[in-house]
Structure formats: structure tokens, C-alpha cells
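This is what each chain is made of:
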Amino acid sequence: MKKTAKSRSREVLMVGSGGVLLDDIRALIKETRAQVATAVNAGLTLLYWRIGKRINAEILKGERAEYGGQIVSATGKELELEFGRGFSEKSLRHMIRFSEAFPEEAIVSAMRRQLSWTHFKALIYLDAPLKRDFYTEMCRVEGWSTRTLQTKIGSMLYEQTALSRKPEDLARMELDALQKEDLLTPDLVFRDPYVLDFLGLKDAYLEKDLEAAILREMESFLLELGAGFSFVARQKRMTVDGDDFYLDLLFFHRGLRRLIAIELKLDKFRPDHFGQMSLYLRWLDRYERKPGEEAPLGIILCSGKDDERIELLELSQSGIHVAEYLTELPPKKILQQKLHAAIELSRNRLENKEAE
């Protein structure tokens, strides 16, 4: 078959330096398109905020507030005819809410290249400012997609963190440090409870079965732990005075720059679990900690716990976090009630302790 000039040119491009040139140009085009898309999104995000701010200031909060809704509706109809659905009445109301949830233009301007308009739409209707700021900062730091953000909100990630159990002023200080310095703390990273329904464990099982299931489903387990965790070892051997001890699981967290030791317990938390984990952390600190790393931290995953015992042992000061694990996901309403009760109890305990 006779080759055309076009097919011969393609063959030339696919071999030798021509092939490299073509690949480089393709990469350049894709990179530039991505940069343009990011710049366009950033510009539109700031535009939406400014529109919402203008409407809010001049119509809804002005002297004409009694019929401001009608003005928004009429304005949306006119703009939609001229500029499309992105400026409809519904979109304008999103923009108004955007300016209310994020009242400072400087903050929006700083985040608009990392968070898209769809990110902001998922954030602006969260009821509590502290919760909204938590998801905003974690989304920015960990680079969540919109779908991931929605999943995290739906799974009540904020309510599972130790941060949510702190008095609001203390929690605000940690979030401010994250915003200004990208400083992650264990209270932002660790959760309680951890939902391990993906392990498929039913009825009676042993600790070795729990560990084996986690290793088999490591990808899902890492997702439940959160971004930044890397698996290091299982049954990490530690020799002390000639006796061997074995840590169930060892991880490293990039953001915290720490080794994270995890012990699995089938029963409720007991004080001797604390002693065991303390020994492991001191061994890791002496023999495994690398230059530039912070002191290792521990997570004791157990089937239940009593908050008063944990409070009396002052575990938070020892770098040890105790959390329950759930092998079955309860109905959302029950989980919500459980988490909110735990948050209220923890906040009251901390506030009473500070008042003493």
C-alpha cells in the first residue's frame, strides 16, 4: 500500500528526536491548559465573591432589604439571559452566601487557586464556623477533590477529630496555626472512632484476625487514618533487657513528621494498655527516631473506652491517643448522636478543669 505524505510524516514524528519533540509539545500544551483552567477558576471564584458581597451590602442589608429578594430574583433573570446559568438567581444566592461565610476578601483571594468554586459551594452551607474552617484548611493542606471533601463532610470527619472535643477558643488557635503556618497537630489528624467496616469482620475474631484484615485492606485502612500516613512495619520487634516485645503496626505521618505506633485491642481500654504503649514509644524514640523528626506518638485502637480513666491518666500529655474502632457502620443518626454526646462531654470536662 502506498503511503501518503501525512502517514510518512507521522512515522517520522514517532521515531528519533521527532518523537521526543512531539511528547514535549503535548506535555507543554497540557500543562498550559491546566494553568489556564486554574487561573480562570481563580478569577471566577473571586468574581462570585465580589458579586455576592455587592448584592449583600447594597440590597439585602440596605434600606431596601424588605424587597431585596425580588431584586435578586429580577437581577438573576436578567444576568442569566445575558451570561448563562452561572449567573441565575440560584447562583446569585450561592454567591451571597459565599460572601457571608467568608467575609474577608484577602482569605478568599489566598485560597482561590487551591479551592475551586465547587469546593466553596460545599463549604458555605456548613452550620458552624469552626467546622467550616476545619474542612476549608484540611481541604487546602491535603488537596482534596470536591468529591473527597463531600465524602469527608458526609462521614462527619470533623466530629471524629480530637479538635472538635476542645473548647472553641483552643480549637480556634490550632486552626489559626494551620492557616498561617501549615502547622498540623495530632488533634487535627487523629480520630475517634475509626470506622473499619471495610474489614468484613463478623461475630467472634482474634487480634491476629483484626491485624490480618487491616493488612489485607491496607489501602482502605490508610484512607480511614487520613492523608499523610505511610505504612512502615507490622509486629515491629523491640528488645528490652533481653525480652522481645512486638508492636502491632507502625506508621509514619509526613505532615506531623512523627512515627505513629498503633496497638489493636479487642477489649475495652485498660490502664495497662497505657503502660505498654508508653514503653513502645520510649523505645521508638531512642532507637528509631531520625534527625528532624518529632517524638513518636501512639494510637490505642480498642473496642470501647471510659473517658474518666483516660482523663485521670492524662493520656493527651503523653502522646497517646485512645480511640474506639467500629467494625460495622451504625445508622448515621445514631453515630451523630454518639459523636455529639462525646464532644459535649469532652468540652465540659476541659472547661471544668480549666476553671479549677
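Residues numbered from 1 in each chain as written. Predicted model: local features only at pLDDT ≥ 70, side-chain atom pairs only at ≥ 80, totals over all residues. Heavy atoms only, no water.

Enquirer: Explain the side chain of R165 to me, using residue names and the numbers behind them.
Expert: Looking at the element boundaries, R165 is found in the loop between helix 9 (157-160) and helix 10 (168-181). One polar contact links the side chain of R165 to the main-chain carbonyl oxygen of T161, over a distance of 3.1 Å. (Helix = DSSP H or I, 4+ residues; strand = E, 2+ residues; numbered from the N terminus. Polar contact = N/O pair within 3.5 Å; in protein donor to acceptor, adjacent residues only side chain to side chain.)

Enquirer: Now, about the layout of surface pockets: what can you tell me, with residues and values included?
Expert: Taken as a whole, the second largest pocket spans an internal volume of roughly 490 Å³. Along the wall of the second largest pocket there are 23 residues; nearest its centre are T151, K152, S155, R191 and E224. When contributions to the lining of the second largest pocket are tallied by element, the ones reaching two or more residues are helix 8 (146-154), helix 9, helix 13 (218-225) and helix 16 (332-355). Residues belonging to the lining of the second largest pocket are distributed by class as follows: 11 nonpolar, 7 polar and 5 charged. (1 Å grid on protein atoms, 1.4 Å probe; cavity = no way out; pocket = protein on both sides within 12 Å on 5 of 7 lines; lining within 4 Å. Points joined across faces, edges and corners; volume = space filled by probe spheres on them. Nonpolar A, V, L, I, M, F, W, Y, C, P; charged D, E, K, R; others polar.)

Enquirer: Before we move on, could you go through the sheet that holds strand 6 (residues 320-326) and cite the residues and values that matter?
Expert: Taken together, 6 strands build an open sheet; the order of strands is 1-6-5-4-3-2 and the sheet is mixed. Each end of this open sheet is capped by a strand with a single partner; those strands are strand 1 (194-195) and strand 2 (229-240). Helix 13 rests against strand 1, strand 2, strand 3 (243-253), strand 4 (258-264) and strand 5 (297-302) of the sheet, and its axis sits at about 70 degrees to strand 3. (Pairing = 2+ DSSP bridges. Contact = heavy atoms within 4.5 Å. Axes fitted to C-alpha atoms, helices over the stretch in contact; angles between N-to-C directions.)

Enquirer: Explain helix 8 to me, and be specific about the residues and the numbers.
Expert: Turning to helix 8, its buried residues are T146, L149 and K152. Taken down its axis, helix 8 places every buried residue within 125 degrees of arc, on the same side. Looking at the buried side of helix 8, the elements it contacts are helix 6 (117-123), helix 7 (129-142), helix 9 and helix 13. Of the residues one or two after helix 8, M156 is the one with positive phi, at around 60 degrees. (Buried < 20%, exposed > 50% of the residue type's maximum accessible area, 1.4 Å probe, protein only. Arc of directions from axis to C-beta.)

Enquirer: How would you sum up the pattern of salt bridges? Please name residues and give values.
Expert: Using the criterion set out here, one finds 24 salt bridges in the structure. Between E89 and R93 there is a salt bridge, and its shortest N-O distance comes to 3.2 Å. Here the residue E89 and the residue R93 both occupy positions in helix 4 (residues 89-101), the gap between them amounting to 4 residues, near one helical turn. Overall, the relative accessible area of 35% leaves R93 in the partly exposed class. In this structure, E224 and R191 form a salt bridge, with 3.9 Å as the shortest nitrogen-oxygen distance. Placement of E224 in helix 13 and of R191 in the loop between helix 11 (186-189) and strand 1 is noted, with a sequence separation of 33 residues between them. A single burial state applies to E224 and to R191, both of which are buried. Overlapping salt bridges, with partners in common, bring together D127, K131 and E159 in one network. (Salt bridge = Lys/Arg side-chain N within 4 Å of Asp/Glu carboxyl O.)

Enquirer: So what about a nonpolar patch on the surface? Which residues, and what values?
Expert: On the surface, V36, V40, L44 and L47 cluster together into a nonpolar patch covering about 300 Å² of accessible area. Of note, L44 is situated in helix 2 (residues 16-60). Taking the relative accessible area as the measure of exposure, L44 reaches 33% and is therefore partly exposed. (Patch = residues over 30% accessible without salt bridge, like charges linked within 9 Å, V, L, I, M, F, W, Y side chains within 5 Å. Areas by Shrake-Rupley, 256 points an atom, 1.4 Å probe, with all protein chains shown as cover.)

Enquirer: I'd like a rundown of empty space enclosed by the protein, residues and numbers included.
Expert: By the definition in use, this model includes 1 cavity of 30 Å³ or more. Here the largest cavity defines a volume of roughly 90 Å³. Across the lining of the largest cavity, the residue classes tally to 9 nonpolar, 2 polar and 3 charged.

Enquirer: Account for the nonpolar core, naming residues and giving values.
Expert: Of all hydrophobic cores here, the largest spans 63 residues; its most connected members are F102, F221 and I262. Looking at this core, the element that brings in the most residues is helix 2, giving 6 residues. Residues in contact with F221, not counting those within four places in the same chain, are L196, F198, I214, L249, F251, I262 and L301. Within the second largest apolar cluster, 18 residues are counted, among which are A233, L247, Y280 and V322. (Core = buried A, V, L, I, M, F, W, Y, C linked by side-chain atoms within 4.5 Å.)

Enquirer: Lay out the packing of helix 7 against helix 10 in plain terms, naming residues and giving numbers.
Expert: Where helix 7 contacts helix 10, the axes come no closer than 10 Å and their chain directions differ by 25 degrees. Viewed along their axes, helix 7 and helix 10 adopt a mutual orientation that is roughly parallel. Considering only the axes of helix 7 and helix 10, their crossing is left-handed. Contacts between helix 7 and helix 10 involve P129, L130, D133, F134, E137, M138, R140 and V141 on the former and, on the latter, E168, A171, R172, L175, L178 and Q179. Across the contact of helix 7 with helix 10, the residue classes tally to 8 nonpolar, 1 polar and 5 charged. (Parallel < 35°, antiparallel > 145°, perpendicular 65-115°, else oblique. Left-handed = near helix turned anticlockwise from the far one by under 90°.)

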